[in-house]
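Remarks on the overall topology
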Number of protein chains: 2
Amino acid sequence: MLIKEKREMKYEKKQNKEQDILIAAEEEFLTKGYDGARTTSIAQRAGVTHAMLHYYFRTKEQLFNRVVEQKFGMVAMTMASVIADLSLPIVERIVHGARAHFDIAAKDPKLPAFMIHEILSNPERSTMIREKVKWITLNVHQNLQAQLDMAANRGEIRKIDAAELLLDIISLNVFSVLIYPFISQIADGFLPNYEDFKVKRKAEIADTIRRKLLIQ
Amino acid sequence: MLIKEKREMKYEKKQNKEQDILIAAEEEFLTKGYDGARTTSIAQRAGVTHAMLHYYFRTKEQLFNRVVEQKFGMVAMTMASVIADLSLPIVERIVHGARAHFDIAAKDPKLPAFMIHEILSNPERSTMIREKVKWITLNVHQNLQAQLDMAANRGEIRKIDAAELLLDIISLNVFSVLIYPFISQIADGFLPNYEDFKVKRKAEIADTIRRKLLIQ
DNA sequence: AATTTGTTTAACAATTTTGTTAATGCAAAG
DNA sequence: CTTTGCATTAACAAAATTGTTAAACAAATT
């Protein structure tokens, strides 16, 4: 009993340091990118010596991979939950999905810029990122196209390409949350705070998507 | 006469090397970012020794600033030409502007990702980028809001916030061209080539924007 | 208590990257 | 033809950054 407790304490202690480093690394990598990130800086953030960082993760690149793995695993899980309620009418179902996606994007505003920059700046290193994104996207696309085709055949919406619609939703949502920091610096003064901005923007995007689906 | 020619040759030679370095630097900085870029690599691309690079530009940061200055100067000029033909009806005028903006974005697909990453990863260093973007955006916004208000008062379109519309157009255009490299890797095989993709995407976005403006 | 196992530290080593300098070349001007 | 000014090179220096190692340490096992 006593022994078991102590063993757990030791295990926890190790776990914590490793996790501390991972958390610090995520912050550093997501804002500065692989090249801008410094292992010493990450170690500092995590409150450990940089030798410890190398002890747990050996190299910067291995640490990077662990961070990417963990982060995209979480995003993939969240994405899976977007699958909209099939009982809703098609238009509401898609608009609801778009709003849910907005929230996901808003929760991790730095992720898309990170992804894009990494894949652009070093495609080989970021194979894993591409694989993860591919996996997530293909599922959603197939599912969506089937739903759109059925609804279009029933005359509920106009005929529409799922890839285009998906790209619209992703573009509008991701870019909006991605760019807020700039807007706030550009339009300082006459801009609502982040929360108000998000509410208004989400509604506007939902409306834009709804209008896209109408037959008219 | 002979003397003058020789003097020009010498001058040209210098000009060329400096320009060569600037061109190579733009490629390197835009794809790898400030942190990922290497002055030695830039020098190699430009076909000069890296000592030459330092001779002309002293430091990496000064070279970076020159590249940013030059690049955003060109973009600002191109943007100015988007100002749509006022003789067109409002809806067509805006849709035309959106299409023109798509072409600008498509001409420099790496620029937005570069901007975003730099401002995020090192706000102090990229003050100049922010200033340039601010200057460009504010003009367009004011102009657009005035046009929208007039048209809405005449009952030609619904009342709409220029900032939201602008954000829609920029999001859709920029993100679309930005993300093509990924899509092509994700959906290899059943994806049109870049030219076809752009044509279809531009039309789709134009339609999306048009639908946004309708009163209905 | 002694041993084993994994953790932590500090000092060091290696490499990469930026930046400098002194010497050389070369064309134009006096 | 010598001097002047800029361009160019190669070698070097300095700094930053990643990665290693040997020794100290702590906790659990025997």
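Residues numbered from 1 in each chain as written. Chains lettered and ligands numbered in written order. Predicted model: local features only at pLDDT ≥ 70, side-chain atom pairs only at ≥ 80, totals over all residues. Heavy atoms only, no water.

Before going further, it helps to examine the overall build of chain A. Within chain A, the regular secondary structure consists of 9 helices and 0 strands. Taken over C-alpha atoms, the radius of gyration comes to 21 Å for chain A, far larger than the 17 Å a tight globule of 216 residues would show. In chain A, once contacts between residues fewer than 6 apart in sequence are set aside, the share between residues at least 24 apart is 64%. The positive charge centre, built from 32 side chains, and the negative charge centre, built from 28, are 4 Å apart in chain A. (Helix = DSSP H or I, 4+ residues; strand = E, 2+ residues; numbered from the N terminus. Rg over C-alpha atoms; globule rule 2.2 N^0.38 Å. Contact = heavy atoms within 4.5 Å. Lys, Arg positive; Asp, Glu negative; His and termini not counted. Charge placed at Lys NZ, Arg CZ, Asp CG, Glu CD.)

The next subject is the pattern of salt bridges. Enumeration according to the criterion identifies 44 salt bridges over all chains in this entry. If you follow the salt bridges from partner to partner, you end up with Glu92, Arg201, Glu204, Asp207, Arg210 and Arg211 of chain A together with Arg158, Glu164, Asp168 and Lys212 of chain B in one network. (Salt bridge = Lys/Arg side-chain N within 4 Å of Asp/Glu carboxyl O.)

Moving on: the domain arrangement of chain A. Interfaces are frequently sized by the accessible area removed from exposure as the parts join. All names here are of chain A. For chain A, the assigned domains read domain 1 (1-58) and domain 2 (59-213). For domain 1 versus domain 2, the separation of C-alpha centres amounts to 30 Å. Contacts between the two partners involve 20 residues from domain 1 and, on the opposite side, 16 residues from domain 2. Across the domain 1/domain 2 interface, buried area totals approximately 1800 Å², and carbon plus sulfur atoms make up 65% of it. (Domains from an automatic or database assignment. Buried area = accessible area lost by both parts, 1.4 Å probe.)

Turning next to the relation of the copies chain B and chain A. Least-squares fitting of chain B to chain A yields an RMSD of 0.1 Å, with the transformation described by 0.0 Å of translation along the axis and a rotation of 180°. Viewed as a symmetry operation, the transformation between the two copies matches a two-fold axis. When the interface residues of chain B are mapped onto chain A, 100% of them again fall at the interface, so both copies present the same face. (Least-squares fit on C-alpha atoms with pLDDT ≥ 70 in both.)

Turning to the packing of aromatic side chains, a few remarks are in order. Residues and elements named next belong to chain A. Applying the stated rule across the entire model yields 18 aromatic pairs over all chains. Between the aromatic rings of Tyr55 and Tyr56, the centroid separation amounts to 5.2 Å while the plane-to-plane angle is 65°, which identifies the pairing as edge-to-face. Looking at Tyr55, the relative accessible area reads 63%, which means it is exposed. The structure contains a cluster of three or more aromatic residues connected by ring pairs, namely Phe29, Tyr34, Phe64 and Phe114. Positioned above the aromatic ring of Tyr34 is the side chain of Arg125, whose terminal nitrogen or guanidinium carbon lies 3.6 Å from the ring centre. Above the plane of the ring of Tyr194 lies Lys198, whose end atom (NZ or CZ) is 4.4 Å from the centre. (Phe/Tyr/Trp six-rings, centres within 6.5 Å; stacked < 30°, edge-to-face > 60°. Buried < 20%, exposed > 50% of the residue type's maximum accessible area, 1.4 Å probe, protein only. Lys NZ or Arg CZ within 6 Å of the ring centre and 35° of its normal.)

So, on to the packing of helix H2 (residues 39-46) of chain A against helix H3 (residues 50-57) of chain A. Residues and elements named next belong to chain A. For the pair H2 and H3, the least separation of the axes is 8 Å and the interaxial angle reads 100°. One way to sum up the angle between H2 and H3 is to call them roughly perpendicular. Only His50, Leu53 and His54 of H3 make contact with H2, whose side of the interface consists of Thr39, Thr40, Ile42 and Ala43. (Axes fitted to C-alpha atoms, helices over the stretch in contact; angles between N-to-C directions. Parallel < 35°, antiparallel > 145°, perpendicular 65-115°, else oblique.)

Attention shifts here to the confidence of the model for chain A. All names here are of chain A. The pLDDT averaged across chain A works out to 88; a share of 91% of its residues lies at or above 70. Mean pLDDT across the secondary structure elements of chain A bottoms out at helix H1 (residues 2-36), with 75, and peaks at H2, with 97. Taken together, the stretch residues 1-12 has pLDDT below 50 and engages in 0 contacts with residues farther than four places along the chain or on a different chain. (pLDDT = per-residue confidence, 0-100.)

Moving on: the nonpolar core. Counting 126 residues, the largest nonpolar core has Phe29 and Leu63 of chain A together with Phe29 and Leu63 of chain B as the members making the most contacts within it. In this structure, Phe29 of chain B is in contact with Tyr34, Ala37, Ile42, Lys60, Leu63, Phe64, Val67 and Phe114 of chain B, ignoring residues within four places of it in sequence. (Core = buried A, V, L, I, M, F, W, Y, C linked by side-chain atoms within 4.5 Å.)

The next thing to look at is helix H3 (residues 50-57) of chain B. Of all the residues in H3 of chain B, the buried ones are Leu53, Tyr56 and Phe57 of chain B. One face of H3 of chain B carries all of its buried residues, which in axial projection span an arc of 75°. (Arc of directions from axis to C-beta.)

Okay, the interface of chain B and chain A next. Across the boundary between the two partners, chain B contributes 49 residues, which contact 49 residues of chain A. Note on chain B versus chain A: buried area summed over both sides is about 4600 Å², and carbon and sulfur give 63% of it. Taken as a group, Phe175, Ile186 and Arg211 of chain B account for 16% of the area that chain B buries against chain A, more than any other trio of residues on that side. On inspection of chain B and its partner chain A, the count reaches 12 salt bridges. The shortest N-O distance in the salt bridge between Glu204 of chain A and Arg158 of chain B comes to 3.6 Å. Here chain B and chain A share 15 residue pairs in polar contact (both at pLDDT 80 or more) between them. Counting only elements with at least two residues in the side of chain B that touches chain A, the list comes to helix H1 (2-36), helix H6 (110-121), helix H7 (127-153), helix H8 (162-186) and helix H9 (194-213) of chain B. (Polar contact = N/O pair within 3.5 Å; in protein donor to acceptor, adjacent residues only side chain to side chain.)

In this section: the environment of Asn143 of chain A. Locating Asn143 of chain A in the fold gives a position in helix H7 (residues 127-153). Overall, the relative accessible area of 35% leaves Asn143 of chain A in the partly exposed class.

What follows deals with the side chain of Ser126 of chain A. Note on placement: Ser126 of chain A falls in the loop between helix H6 (111-121) and H7. If sequence neighbours within four positions are ignored, Ser126 of chain A has contacts with Glu118 and Ile119 of chain A.

Time to look at the environment of Lys60 of chain B. Residue and element names in this part refer to chain B. Tracing the sequence through the fold places Lys60 in helix H4 (residues 60-80). Expressed as a C-alpha distance, the spacing of Lys60 and Ile116, which sit 56 residues apart in the sequence, is 20 Å. Non-local contacts of Lys60, meaning those with residues more than four positions away in its chain, are made with Phe29, Tyr34, Asp35, Ala37, Arg38 and Thr39.

This part takes up unusual backbone geometry. If you check the backbone angles, Arg58 of chain A has positive phi at about 65° while not being a glycine. With respect to the element layout, Arg58 of chain A can be found in the loop between H3 and helix H4 (60-80).

Regarding helix H2 (residues 39-46) of chain B, the residues found buried are Thr39, Ser41, Ile42, Ala43 and Ala46 of chain B. Just beyond H2 of chain B, the residue with positive phi is Gly47 of chain B, at close to 70°.

Before going further, it helps to spend a moment on the environment of Ala105 of chain A. Residues and elements named next belong to chain A. When you line up the elements, Ala105 lands in helix H5 (residues 90-107). Residue class for Ala105 comes out buried when judged on its relative accessible area of 8%. Dropping the residues within four chain positions of it, Ala105 is found in contact with Asn173, Val174 and Val177.

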